[in-house]
Structures are given as structure tokens and as C-alpha cells.
Amino acid sequence: MVGLARKTMSDLASLEQRALAELAVCADEPALRAWNTKYFGDKGEVVAALKAIGAIPKEERKTYGQEANRVKEALTKAFEGTLAGAKERALNASLTANPLDVTLPGRPVQRGRLHIATQIMRQIYSIFADMGFQVYRTREVESDEMNFELLNMPPHHPARDMWDTFHTTTPGVILRTHTSPGQIHVMREFHPNPIRVILPGMCYRYEAITTRSEIQFQQVEGLVIGQHVTMADLKGTITAFARRLFGQERQVRFRSSYFPFTEPSIEVDIDWPRDDPNADRLTKGTGWLEIMGAGMVHPVVLRNGGYDPAEYSGFAFGMGPQRITMLKHAIDDIRQFWGNDLRFLRQF
Ligand code: DAH
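Remember, predicted model here, so these are calculated numbers, not experimental data.

1. Overview of the side chain of Gln218
Note that Gln218 resides in strand β5 (residues 216–226). Apart from the residues lying within four places of it in its own chain, the contact partners of Gln218 are Ala117, Met121, Gly201, Met202, Met319, Gly320, Pro321, Gln322 and Trp338.

As C-alpha cells, then:
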């Protein structure tokens, strides 16, 4: 009995030596896998040696069992170390042969976002949509007639000086200087129905580019026409809009003004929170900021659109969303909007 156990113990020793020697000459991963099957597979030699524990005479069993487990652990550890080394060698070899390393993390895909100008436009659309306005787009290349004459500015009218104009080589064809010509397009299409639209879009002016003016900018025009539309409707609509955009606590002020296409004409201001450190600079010490021009649609304009001023009345307004965005976000240079500088755009 003693002899049998001795032999078994020496079997373990030779098993370990043989396994280690074979492991040492495994050249690559497939060879290592084969080694692993030979010793640790279902019919593997180490597995068999462990299974044999039960058949060992009682007095030798503990010693044998401990030794068998030690051998098992030593071989497992040796295998794992060798396998890791082989994997690293294989990776290095493939990196040298083919420098593309597919195991590296991928390049992150940048998430896009809406341009700040688009964001503010959508905010404006949704506020007016809640008040029953629909969005109506009209052309950017306009006739002088639409942009000026039908808006009550005949040729040589001094008010044309308010808009420095880009002319094309075709006489009478210009880039629109404001969205107001859209009023005529809408009236002619909707007549004799009532109208409640906003007209957003790009406008162009031939002027010096500064921190406060650009040759291109967006406007949002508003037009409401009906049979009992009054100045009170204009004031209520504008006040509701300004408070939704700037805050419910905002005060709105109406000053009398002049535009050829409205009578009477007004300019709309909102108060600026006095605790804003920029308040004084923005409002030039007055506490008020202009946000748009507006007024009751001039009878001549109504008639040019096809509506009889004896029966219909309406109000209109026009604002520059870039200017409004500058106020909201304390942006001090209007050129940022179309400059495509990601450092600016990513802030919104
Ligand atoms: N079109 C004017 C501008 O570009 C803005 C404006 C003022 C539009 C009064 C209107 C309005 O509809 O009623 O300066």
C-alpha cells in the first residue's frame, strides 16, 4: 500500500515536470490551448490525477490530495502566465506587421446641435403658434416694388434711406432689406380671409459690418388682419410674446415711432433687470431695451394687399432675433452668428 502511494506521489511530480516542460515549448496560442486540453480537459491528466484522490488509501490520501491540488494550482498559474505572454507577443507582432490597432477605443463621434439662431427661431415660432399664428415663408430675392413701393415707399421716398440696399444687375431686383414685403405676398394669397402669420427669414443690407450690424441677419415679421383688429390686440400680443420669451415679470413699453407701412407706428421696449451687471451698458442707463418695431397696417398697404381699409384693419411687427438673442445671452458681437466659430456655437 505504501509503495502504491509513493508511486502515485512520484507520478504527480513527473506529471508536473512534464507539463511544465511541454508548456515551455508551446510557441503560440493554439499550442497552449492544446496543452490546456491535454492536462485540464475533461479527460485531462491533471483532472484524472485529482479524480484519483478518492482511490488513494486513507492514510496517504491527505498528503496526496494536497500535493495534487498544489500541482493543479501551479500548472494553472503557469498556463495563465504563458498565455498572457503569448497574447502580448501576438499583438505586438500584428502591430508591427499591420499598424492598425483594432483593439484601441474608437474615435468619439461628435454630437451635433442646433445653431443658436435656429434654437431662438423655433422658440419664437412656438410662442406665436400658441397664439394661433402660422409660419409663412417668402422669397429673399425681391422686387423693388414689393420691398418698397407697395409698402408705401415710392421711388425717391426719403424713408428708403433707412435700408441700404443690395441691388442686382437686373434693374428692380434686389435682396430684401426686411421681411415686410412678405406682408404683401401673404395678403394677396389670403384675401379675403383673416390673417395671423409670422414671416421669418434672412434679410440683407448693404452696410458696414460692425459688432452690432451685419450684411445678413434674420427677421421675424408678424401680420394680423381682420375686421376688428385694434392697437389693443397689438399691445396684448406683443406683451404676451415678450413675457414668454424674457420672463413673466417683464414690463413692456410702447413708444411712438415712424414706419412708412404702419400708422400709427410704435417701437417696443422691455425693461431690463437692474440687478444684471450689464443692465447699464445695454440700456445706456435708461433701463429699457428696444426689441421691435410695430404698428397698425397703413391703409395704403392694406389696399395694396387687396384688403379694403374701410372694412379691415390689422397690425404688423418686425424684430431681429439675433438682436434678441444677444440680449438674452449677453453676446456682444453680432458677427458671431454667421462666423461658424465652434467655440461660440458650442456654448448653446
Ligand atoms: N421692417 C422694419 C425694419 O426692417 C421693421 C418693422 C417695423 C416691421 C414696423 C413691421 C412694422 O412690420 O410694423 O426695420
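2. Some points on the layout of surface pockets
In this approach the atoms are scanned with a rolling probe the size of a water molecule, which exposes any empty space left behind. Computed from the structure, the largest pocket encloses a volume of approximately 1,200 Å³. Forming the boundary of the largest pocket are 49 residues, of which Arg212, Glu290, Ile291, Gly320 and Arg323 lie nearest the centre. Sorting elements by how many residues they give to the lining of the largest pocket places strand β8 (residues 288–297) first, with eight residues. Its residues placed into classes, the lining of the largest pocket shows 19 nonpolar, 16 polar and 14 charged. The calculated volume of the second largest pocket comes to roughly 160 Å³.

3. A word on the site of the ligand
Among the 16 residues in the neighbourhood of the ligand, the closest are listed as His178, Ser180, Arg205, Gln219 and Glu221. With respect to the ligand, the side chain of Ser180 contributes an N or O atom lying 2.9 Å from a nitrogen atom. Between an oxygen atom of the ligand and a side-chain N or O atom of Arg205, the distance comes to 2.8 Å. For the ligand, whose accessible area on its own is 350 Å², the fraction buried by protein is 92%.

4. A look at the pairing of strand β7 (residues 262–271)
The side chains of a regular strand alternate, first on one face of the sheet and then on the other. Taking burial as the measure, the 10 residues of β7 include eight buried ones, the bulk of the element. What sits between the antiparallel neighbours strand β6 (residues 252–257) and β7 is a turn of four residues. Bridge analysis of β7 against β8 gives eight bridges, and the strand direction is antiparallel. When the bridges of β8 are listed, Ile270 appears paired with Leu289.

5. Describing the domain arrangement of the chain
Splitting the chain by domain gives domain 1 (9–97) and domain 2 (116–345). Placing the centre of domain 1 and that of domain 2 at their C-alpha centroids yields a distance of 83 Å.

Cut-offs used in this document
- Residues numbered from 1 in each chain as written.
- Predicted model: local features only at pLDDT ≥ 70, side-chain atom pairs only at ≥ 80, totals over all residues.
- Heavy atoms only, no water.
- Helix = DSSP H or I, 4+ residues; strand = E, 2+ residues; numbered from the N terminus.
- Contact = heavy atoms within 4.5 Å.
- 1 Å grid on protein atoms, 1.4 Å probe; cavity = no way out; pocket = protein on both sides within 12 Å on 5 of 7 lines; lining within 4 Å.
- Points joined across faces, edges and corners; volume = space filled by probe spheres on them.
- Nonpolar A, V, L, I, M, F, W, Y, C, P; charged D, E, K, R; others polar.
- Near = heavy atom within 4 Å.
- Polar contact = N/O pair within 3.5 Å; in protein donor to acceptor, adjacent residues only side chain to side chain.
- Areas by Shrake-Rupley, 256 points an atom, 1.4 Å probe, with all protein chains shown as cover.
- Buried < 20%, exposed > 50% of the residue type's maximum accessible area, 1.4 Å probe, protein only.
- Pairing = 2+ DSSP bridges.
- Domains from an automatic or database assignment.

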